[in-house]
Amino acid sequence: MPDKKNTQNDKPIIFIVDDDASMREALGDLFLSMGFDAQSFESAAVFLTGADFSRHGCILLDVRLPGVSGLDFQGHLERIGNKMPIVFMTGFGDIPMSVRAMKAGAVDFLTKPFKDQDILDAVAAAIERDTIRRQQDAQNNAVATLAQALTPREREVMDCVVRGLMNKQIALGNVMRKMDARTVVDLVKKSEIMAGTHQPPVS
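Residues numbered from 1 in each chain as written. Predicted model: local features only at pLDDT ≥ 70, side-chain atom pairs only at ≥ 80, totals over all residues. Heavy atoms only, no water.

Some thoughts on helix α7 (residues 152-162)
- Here α7 has its buried residues at Glu-154, Val-157, Met-158, Cys-160 and Val-161. The buried side chains of α7 occupy one side of the element, clustering within an arc of 165 degrees when seen end-on. (Buried < 20%, exposed > 50% of the residue type's maximum accessible area, 1.4 Å probe, protein only. Helix = DSSP H or I, 4+ residues; strand = E, 2+ residues; numbered from the N terminus. Arc of directions from axis to C-beta.)

As C-alpha cells, then:
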C-alpha cells in the first residue's frame, strides 16, 4: 500500500509569499484547483521558519513585503543555498526592478493584476526548471558516490583517459566498472560532472 505522506510530498508545491491575505487565498485556491499543493506566508521571515525546502516546486514571491523585500530575499535564498525557482509578482513593478530579478535567476516577473493563465504558465515553467535541477543534482550525487570507490591510481587512470593520454585496458576496465560507465564517452561525461563542468540541457 503506498505511503500517503510520501505520495503527497511528490506533488509539486507552490509557496506563496505575499502580505495581502486576499491574494494569498485566491492564489491558493487557484493552485489547489489545478492539482498543486499550495502553502501561504505573509512575510519572508515566516516563510523561512515554516516552509519545507525539500519539496519539489517553486516560490511565488511578492516584491513588496514587510521587513525584507522580495528582491533582497531572493539574494538571501541564493546565499543560503536555496535553489528553488522564483516567480515574482508585484503591483508596483518597473523595468529596472524586473531586470534585477531576472538577472538574479527569477523565472518570471508578473505585474498585478495578472490573468490566471499567466500565473499558471509561469508556475509551470518554474516547476519544470526545478525538475531539471533536481535531476541534475541526483545525477551529480550518484556520480560522486561512484567516484568514492576509485583508488588514487584508478582516479589517475580516469583523468588520463579523459585527457586522451592513455588507454590501459586492465586499469581502465576497473575504472569503467566502478564508475558504471558503458563507454569512454560516458566516462568523460561523468568526469565532467565530477569536475562541475557538466550542465543540464535547457529546454
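Focus on the nonpolar core
- One finds Phe-15, Val-17, Phe-47, Ile-59, Leu-61 and Phe-88 to be the most contacted residues of the largest nonpolar core, which totals 21 residues.
- The set of elements that each furnish at least two residues to this core consists of β1 (13-17), α3 (44-50), β3 (57-62), α4 (70-79), β4 (86-90) and α5 (95-103).
- With sequence-adjacent residues up to four places away left out, Phe-88 is seen in contact with Leu-61, Val-63, Gly-70, Leu-71, Gln-74, Ala-101, Ala-106, Asp-108, Phe-109 and Leu-110.
- Grouped together as the second largest cluster of nonpolar side chains are 20 residues, Ile-16, Val-87, Phe-114 and Ile-119 included. (Core = buried A, V, L, I, M, F, W, Y, C linked by side-chain atoms within 4.5 Å. Contact = heavy atoms within 4.5 Å.)

Topic: the sheet that holds β1
- The strand order across the open sheet built from five strands is β2-β1-β3-β4-β5, with neighbouring strands paired in parallel fashion. Of all the strands in the sheet, just β2 (37-41) and β5 (108-111) have a single pairing partner and so form its edges. Across the sheet, the axes of successive neighbouring strands diverge by a mean angle of 20 degrees, strand direction being ignored.
- Sheet topology places β3 next to β4; four bridges connect them, and they run parallel. Each residue of the ladder has a partner; that of Leu-60, found in β4, is Val-87.
- In this fold α4 packs onto β3 and β4, with an angle of close to 165 degrees to the strand it touches most, β4. (Pairing = 2+ DSSP bridges. Axes fitted to C-alpha atoms, helices over the stretch in contact; angles between N-to-C directions.)

Details of the packing of aromatic side chains
- Applying the stated rule across the entire model yields seven aromatic pairs.
- Residues Phe-31 and Phe-36 carry aromatic rings whose centres are separated by 6.4 Å and whose planes lie at 80 degrees to one another, so their mutual orientation is edge-to-face.
- Ring plane angle 75 degrees and centroid distance 5.2 Å describe the contact between Phe-41 and Phe-47, whose orientation is recorded as edge-to-face. Side by side, Phe-41 and Phe-47 carry an identical accessibility label, which is buried. (Phe/Tyr/Trp six-rings, centres within 6.5 Å; stacked < 30°, edge-to-face > 60°.)

Some thoughts on the side chain of His-56
- Note that His-56 resides in the loop between α3 and β3.
- Among the polar contacts listed, one links the side chain of His-56 to the side chain of Asp-130, at a separation of 3.0 Å.
- Every residue in contact with His-56, bar those within four places of it in the chain, is listed here: Asp-10, Lys-11, Pro-12, Ile-13, Ile-127, Asp-130, Thr-131 and Arg-134. (Polar contact = N/O pair within 3.5 Å; in protein donor to acceptor, adjacent residues only side chain to side chain.)

Some words on the pattern of salt bridges
- Inspection of every chain in the model, using the stated rule, returns ten salt bridges.
- Between Arg-133 and Asp-130 there is a salt bridge whose closest N-O contact spans 2.6 Å. Placement of the pair is Arg-133 and Asp-130 together in helix α6 (residues 116-147), with a separation of three residues, close to one helical turn.
- Connected via shared salt-bridge partners are Asp-130, Arg-133, Arg-134 and Asp-137. (Salt bridge = Lys/Arg side-chain N within 4 Å of Asp/Glu carboxyl O.)

What to know about unusual backbone geometry
- For the bond running from Lys-112 to Pro-113, omega is -5 degrees, close enough to zero to count as cis.
- Tracing the backbone through its elements, the reader meets Pro-113 in the loop between β5 and α6.

Brief notes about the side chain of Asp-18
- Relative to the assigned elements, Asp-18 resides in the loop between β1 and α2 (21-33).
- Within the structure, the side chain of Asp-18 is placed 2.8 Å from the backbone nitrogen of Asp-20, a separation counted as a polar contact.
- In contact with Asp-18, not counting residues within four places along its chain, are Met-23, Arg-24, Phe-41, Glu-42, Asp-62, Leu-65, Met-89 and Lys-112.

Things to note about the pairing of β1
- Of all five residues in β1, five are buried; the element is thus mostly enclosed.
- Side-chain alternation along β1 places Ile-13, Phe-15 and Val-17 on one buried face and Ile-14 and Ile-16 on a second face that is also buried.
- Of the pairings in the sheet, the one linking β1 to β2 comprises five bridges and is parallel in character. Opposite Ile-16, over in β2, you have Ser-40 as the bridge partner.
- One crossover worth recording links β1 to the parallel β2 by way of α2, and it is right-handed. (Right-handed = clockwise from strand over helix to strand, strands pointing away.)

Taken by themselves, the reported measurements are silent on function.
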